[in-house]
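# An overview of the molecular structure
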Amino acid sequence: MERVLIIIPTYNERENLEAILAATQRELLGAPFAVDFLVVDDHSPDGTGEIADGLAARDPHIHVLHRAGKLGLGTAYLAGFRRAIADRYDYIFEMDADFSHDPKYLAPMIDLLRREADMVVGSRYVAGGGTVNWGAGRKLISRGGSLYARTILGIKVRDITAGFVGYRLATLLGIGLDTIRSNGYSFQIEMKYRAVRAGYRVVEHPIVFPDRRVGKSKMSRKIVLEALTMVWRMRLGLT
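What counts and how
Residues numbered from 1 in each chain as written. Predicted model: local features only at pLDDT ≥ 70, side-chain atom pairs only at ≥ 80, totals over all residues. Heavy atoms only, no water. Pairing = 2+ DSSP bridges. Helix = DSSP H or I, 4+ residues; strand = E, 2+ residues; numbered from the N terminus. Axes fitted to C-alpha atoms, helices over the stretch in contact; angles between N-to-C directions. Contact = heavy atoms within 4.5 Å. Phe/Tyr/Trp six-rings, centres within 6.5 Å; stacked < 30°, edge-to-face > 60°. Buried < 20%, exposed > 50% of the residue type's maximum accessible area, 1.4 Å probe, protein only. Core = buried A, V, L, I, M, F, W, Y, C linked by side-chain atoms within 4.5 Å. Right-handed = clockwise from strand over helix to strand, strands pointing away. 1 Å grid on protein atoms, 1.4 Å probe; cavity = no way out; pocket = protein on both sides within 12 Å on 5 of 7 lines; lining within 4 Å. Points joined across faces, edges and corners; volume = space filled by probe spheres on them. Nonpolar A, V, L, I, M, F, W, Y, C, P; charged D, E, K, R; others polar.

Here we have seven strands laid out as an open sheet, ordered β3-β2-β1-β4-β7-β5-β8, and mixed in their pairing. A single partner strand is all that each edge strand has here, and the edge strands are β3 (62–66) and β8 (202–206). Across the sheet, the axes of successive neighbouring strands diverge by a mean angle of 20 degrees, strand direction being ignored. In terms of strand pairing, strand β1 (residues 3–10) meets strand β2 (residues 34–41) through eight bridges, oriented parallel. Paired with Pro9 across the two strands is Val40, which belongs to β2. Across the sheet, helix α2 (residues 48–58) is in contact with β1, β2 and β3; its angle to β3 comes to roughly 150 degrees. Contacting β4 (91–94), β5 (119–123), β7 (165–168) and β8, helix α7 (residues 185–197) runs over the sheet at an angle of about 140 degrees to β5.

What follows is the structure, given as structure tokens:
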């Protein structure tokens with residue numbers, strides 16, 4: 001049976017973690033593949049890591065990777081990807097804990113990977129996709145950032161900053177994870193850029209992206225500035 005690993009990075013997500021895991025399991029109940037979860041917790045002060053341990057103790061499909069502190073989203077996913085590669089999962093997903101990435105989209109996205117895609121992107125900016133409860137400023141930063149990165153890098157992925165993404169195992173192996181240099185917002189850009197440059201088929205699947213239900217966004221000015229500069233480093237071959 002084919003195996004799927006869903007990687008969920010957490011930092012202060014105690015209000016969301018159990019609910020997102022349960023909702024995802026309900027959506028994929030009866031699927032023709034096995035589904036496991038890897039929670040990568042960055043030593044959350046609110047006790048998210050301990051909650052994850054309790055869930056894992058009751059469910060063999062839930063695993064936890066504890067890290068020493070808040071080390072960044074990119075390195076959290078890279079740690080999860082390395083675990084997925086070591087355990088030879090067929091398909092690997094990255095997904096937020098805060099319900100911005102609705103579990104209902106997972107089944108069709110996995111189906112795309114099984115049938116045709118090497119990388120599938122949950123996209124806000126293709127027909128059928130969109131956002132809910134976003135202010136004008138956030139929309140401008142997201143759409144403008146995506147256009148900026150696509151233009152400089154010369155690739156056609158419309159939601160290049162998207163964080164709801166699935167990969168075939170071969171795609172992760174071929175991208176060259178040891179050479180990834182981005183960590184924040186630009187990590188998502190670099191992964192898609194590397195996939196396109198390597199000749200992998202990247203397919204966008206429409207999603208509607210609401211604002212998080214509870215908790216606080218991890219977005220910061222520093223993360224945005226890193227993305228603006230890192231795009232040029234990618235374009236000039238400096239990373």
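For the structure shown, the criterion picks out five aromatic pairs. Between Tyr77 and Phe187, the aromatic rings sit 6.1 Å apart at their centres with planes inclined by 15 degrees, giving stacked as the arrangement. Linking Tyr77 in helix α3 (residues 73–86) with Phe187 in helix α7, this pair joins segments that are 110 residues apart in sequence. With relative accessibility at 0%, the residue Phe187 sits in the buried group. With a centroid separation of 5.3 Å and an interplanar angle of 70 degrees, the aromatic rings of Phe81 and Tyr167 are classed as edge-to-face. Separated by 86 residues along the polypeptide, Phe81 in helix α3 and Tyr167 in strand β7 bring together distant segments of the chain. An aromatic cluster is defined as three or more aromatic residues linked by ring pairs; in this entry it consists of Tyr77, Phe81, Tyr167 and Phe187.

A word on the nonpolar core. One finds Phe81, Ile92, Tyr167, Leu172, Leu177 and Met191 to be the most contacted residues of the largest nonpolar core, which totals 38 residues. The biggest single contributor to this core is α3, with six residues. If we ignore the near neighbours within four places in the chain, the residues touching Leu177 are Leu78, Phe81, Arg82, Ile85, Leu172 and Met191. Listed in part, the 35 residues of the second largest apolar core include Ile8, Met95, Tyr105 and Met109.

Here we take up the pairing of β2. In summary, the side chains of a regular strand alternate between the two faces of the sheet. Where burial is concerned, most of β2 is hidden: seven out of the eight residues are buried. In this fold, the crossover linking β1 to β2 by way of helix α1 (residues 17–27) has right-handed handedness. Note that β2 and β3 share five bridges and pair parallel. Counted as the bridge partner of Val40 is Leu65 from β3. For the crossover from β2 across α2 to β3, the handedness is right-handed.

A separate point is the layout of surface pockets. Considered as a void within the structure, the second largest pocket measures approximately 180 Å³ in volume. In this structure, the second largest pocket is lined by Thr24, Gln25, Arg26, Leu28, Leu29, Gly30, Ala31, Phe33, Ala34, Val35, Phe37 and His61. If you list the elements that add at least two residues to the lining of the second largest pocket, you get α1 and β2. Across the lining of the second largest pocket, the residue classes break down as seven nonpolar, four polar and one charged.

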